Amino acid sequence: MRPDPRLSPWGEQRAAESAALTYEKISSYNPLMRRKPGALLPLELQILEAGLDLRRRGDDEFHGFSIAREIQEHEGARRLTAHGTLYKALARLEKAGLLTSRWEDPARAEKEGRPRRRLYEVTGAGARAYSRAQLEHRERSNSAPELETS
Amino acid sequence: MLNAASTLTRSWTNLYTRGLSSDQRASRIAEIESDVWEHRASDAEAGLPAADTGFEVLVRFVFGIPADLSWRRATVTGSRRSASFLMNMRGIRMFTRFLAGLAPVLVIVLAVFQLFNGIGILLSVEAKFVWGLIELGTGLALVAGLVTYRRSPRVGSTIIITTVVVAAGFHFWMPFLAFPVALLVIATVVARLRGPGSPRVEPA
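Computed from a prediction, not measured in an experiment: that's the story for all the values here. Chains are numbered independently. Their residues run from 1 in the order of the written sequence. Chain letters and ligand numbers both follow the written order, the letters beginning at A and the numbers at 1. Reporting in this predicted model follows two pLDDT cut-offs: at least 70 for local features of residues, and 80 or more for side-chain atom pairs to be given and counted; totals over whole chains, interfaces and linings ignore these cut-offs and use all residues. Side-chain metrics rest on all non-hydrogen atoms present in the structure, leaving aside hydrogens and water.

## Brief notes about the overall build of chain A
Helix and strand counts for chain A stand at 6 helices and 2 strands. What counts as a helix is a DSSP run of H or I of at least four residues, what counts as a strand is a run of E of at least two, and both are numbered from the N terminus. Starting at the N terminus and ending at the C terminus, chain A contains elements arranged as α-α-α-α-β-α-β-α. Between buried and exposed lies partly exposed: a residue is buried under 20% and exposed over 50% of the maximum accessible area for its type, with that area taken using a 1.4 Å probe on protein chains only. Per-residue burial for chain A yields a buried fraction of 34% across its 150 residues. When contacts within chain A are restricted to residue pairs at least 6 apart in sequence, long-range pairs at least 24 apart make up 53% of them. What sets the accessible areas is the Shrake-Rupley method with a 1.4 Å probe; for residues, cover comes only from the shown protein chains. Approximately 9,600 Å² of chain A is accessible, and the part contributed by carbon and sulfur atoms is 51%. The contact rule is simple, with two residues in contact once any of their heavy atoms fall within 4.5 Å.

Okay, structure coming up:
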């Protein structure tokens, strides 16, 4: 990156660090970070991606644990997403209309000897939001090398 | 380890959902309960040691605490905000309707008071002519405002409010009566003007 003569050495360093900052590094726990309205957090994108992947494999609906497992496999993570983080993200996506949910038939759960599942499904809006986010990420990735080489 | 971690997760969920509506609480508790059960069942099916599963459940519980608390805060704030907003709106609407109903009564009372006061001053022994005329004038202006209000609410309200302000100004020597009364009359007139059902005259 060509040094900006207007910036002090410290300013140049900060500019270089900012250029390297991608949306994956934004922490949802960072109180200084304000979300742009309509912006999706990385976990939310992962949920949508995993949900759409499951749909492609024939499972329209998923429950919380199954999506946590799916995300773990997708991301190659060591640990599953924490309960609070996962269900807060699911609630937020549902509130935004990107997911819908329903409680499964209690008789089925009883028959299978387990607690009732809350089943989620990615909506059309959710699929579009995911596609849009992917497109923006690709555009940002394509423009980033220009910054580094300029 | 696994049972302890499951119990801890369940107890924590019971704790941070206290005070929420019964639906929200039951839903959250059931969802976490289901998650923990699925986790245990999935790992047991995969032949993983119970201690490993217990550790993982514990880690998921601990690392999720901040998000649980912020979810609770958002849920409580949302419920409280919508409930108080609705209550405030209903309260404001009722109060506005009350004020609007009070407006004609107050204006009539004030007009009658001013008229009689003015006549009384003019006919009195001391005969403070100017003062009597002012009182009479404000009384008549209020009557005119009331009459005009039926045809043109805006013009009528303007006349009434202007008269009330002028009258309050002339009664500056008793501010603790004049100004509150003036404010009350103005508030009721504005409430009536803005409220539904105020008389409108269709343009010719």
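## Focus on the pairing of strand S2 (residues 118-122) of chain A
All names here are of chain A. Judged by how many residues are buried, S2 sits mostly within the fold: 4 of 5 residues are covered. We treat two strands as partners when DSSP finds at least two bridges between them. Relative to S2, strand S1 (residues 99-103) runs antiparallel, the two being bridged by 5 bridges. Within the sheet, the bridge partner assigned to Arg102 lies in S2 and is Leu119.

## Remarks on the nonpolar core
Here the nonpolar core consists of buried residues drawn from Ala, Val, Leu, Ile, Met, Phe, Trp, Tyr and Cys, with membership extended through side-chain atoms lying within 4.5 Å. With 33 residues, the main nonpolar core has Ile47, Leu48, Phe62, Ile67, Leu86, Leu90 and Leu99 of chain A as its most contacted residues. When residues of this core are traced back to their parent elements, those giving at least two are helix H2 (42-56), helix H3 (64-75), helix H4 (83-95), S2 and helix H6 (124-149) of chain A together with helix H1 (2-16), helix H2 (22-45) and helix H4 (65-123) of chain B. In terms of residue count, H2 of chain A provides more of this core than any other element does, 7 residues in total. In this view, Leu48 of chain A contacts Leu40, Leu93, Leu98, Leu99, Val122, Gly126 and Tyr130 of chain A; residues no more than four positions away in its chain are not counted. One finds Val107, Ala168, Val185 and Val189 of chain B within the second-largest nonpolar core, a separate group that totals 11 residues.

## A short note on the interface of chain A and chain B
Counting residues at the interface gives 26 residues for chain A, matched by 28 residues for chain B. Defined in terms of a 1.4 Å probe, buried area is the accessible area two parts forfeit on being brought together, summed over both. Taken together, the two surfaces of chain A and chain B that pack against each other cover about 2,200 Å², and 58% of this comes from carbon and sulfur. In terms of surface lost to chain B, no three residues of chain A exceed Phe65, His83 and Tyr87 of chain A, which account for 30% of the buried area on that side. When a carboxyl oxygen of Asp or Glu is within 4 Å of a side-chain nitrogen of Lys or Arg, the pair counts as a salt bridge. Counting every contact that joins chain A to chain B gives 4 salt bridges. Two N or O atoms count as a polar contact when they lie within 3.5 Å, although within protein this holds only if one can serve as hydrogen donor and the other as acceptor, and sequence-adjacent residues are included solely when both atoms are side-chain atoms. At the boundary of chain A and chain B, one finds 12 residue pairs in polar contact (both at pLDDT 80 or more). Where the side of chain A that touches chain B is concerned, the elements lending two or more residues are H3, H4 and S2 of chain A. At 7 residues, the largest contribution of residues to the side of chain A that touches chain B is made by H4 of chain A. Each residue belonging to the side of chain A that touches chain B can be placed in one class, and the counts come to 11 nonpolar, 7 polar and 8 charged. By the convention adopted, Pro, Cys, Tyr, Trp, Phe, Met, Ile, Leu, Val and Ala count as nonpolar, Lys, Arg, Asp and Glu as charged, and the other residues, Gly among them, as polar.

## Observations concerning empty space enclosed by the protein
Residues and elements named next belong to chain B. Grid points spaced at 1 Å and placed over the protein atoms alone form the basis of the search, with a cavity being a set where a 1.4 Å probe fits but cannot get out and a pocket an open set showing protein on both sides within 12 Å along at least five of seven lines. Lining residues have an atom within 4 Å of a point. Grid points are joined across faces, edges and corners, and a volume is the space filled by probe spheres set on the points. Taken as a whole and assessed by the stated rule, the structure comprises 3 cavities of 30 Å³ or more. Here the largest cavity defines a volume of roughly 60 Å³. Forming the walls of the largest cavity are Ser6, Thr9, Arg10, Thr13, Ile29, Ile32, Glu33 and Val36. Within the residue set of the lining of the largest cavity, elements represented by two or more residues are H1 and H2. Among the residues making up the lining of the largest cavity, the classes are represented as 3 nonpolar, 3 polar and 2 charged.

## With respect to the pattern of salt bridges
A full pass over the atoms with the stated rule returns 16 salt bridges over all chains. Between Asp43 of chain B and Arg69 of chain A there is a salt bridge whose closest N-O contact spans 2.7 Å. Of this pair, Asp43 of chain B sits in helix H2 while Arg69 of chain A sits in helix H3, on two different chains. Taking the shortest distance from any N to any O, the salt bridge between Arg118 of chain A and Glu31 of chain B comes out at 3.3 Å. Placement of the pair is Arg118 of chain A in strand S2 and Glu31 of chain B in helix H2, with the two residues belonging to separate chains. Taking relative accessible area as the criterion, Arg118 of chain A reaches 18% and is therefore assigned buried. One salt-bridge network, held together by shared partners, links Glu104, Arg108, Glu112 and Arg114 of chain A.

## Digging into H2 of chain A
Residue and element names in this part refer to chain A. Along its 15 residues, H2 runs 21 Å from first to last C-alpha, staying within 8% of the 21 Å computed at 1.5 Å per residue. The buried fraction of H2 is high, at 12 of 15 residues. Of all the residues in H2, the buried ones are Pro42, Leu43, Glu44, Leu45, Gln46, Ile47, Leu48, Ala50, Gly51, Leu52, Asp53 and Leu54. Phi turns positive, to about 105°, at Gly58, one or two residues after H2. Working rule for helices: expected span equals 1.5 Å times residues minus one.

It is worth stressing that arrangement in space is one thing and function is another; only the former is reported here.
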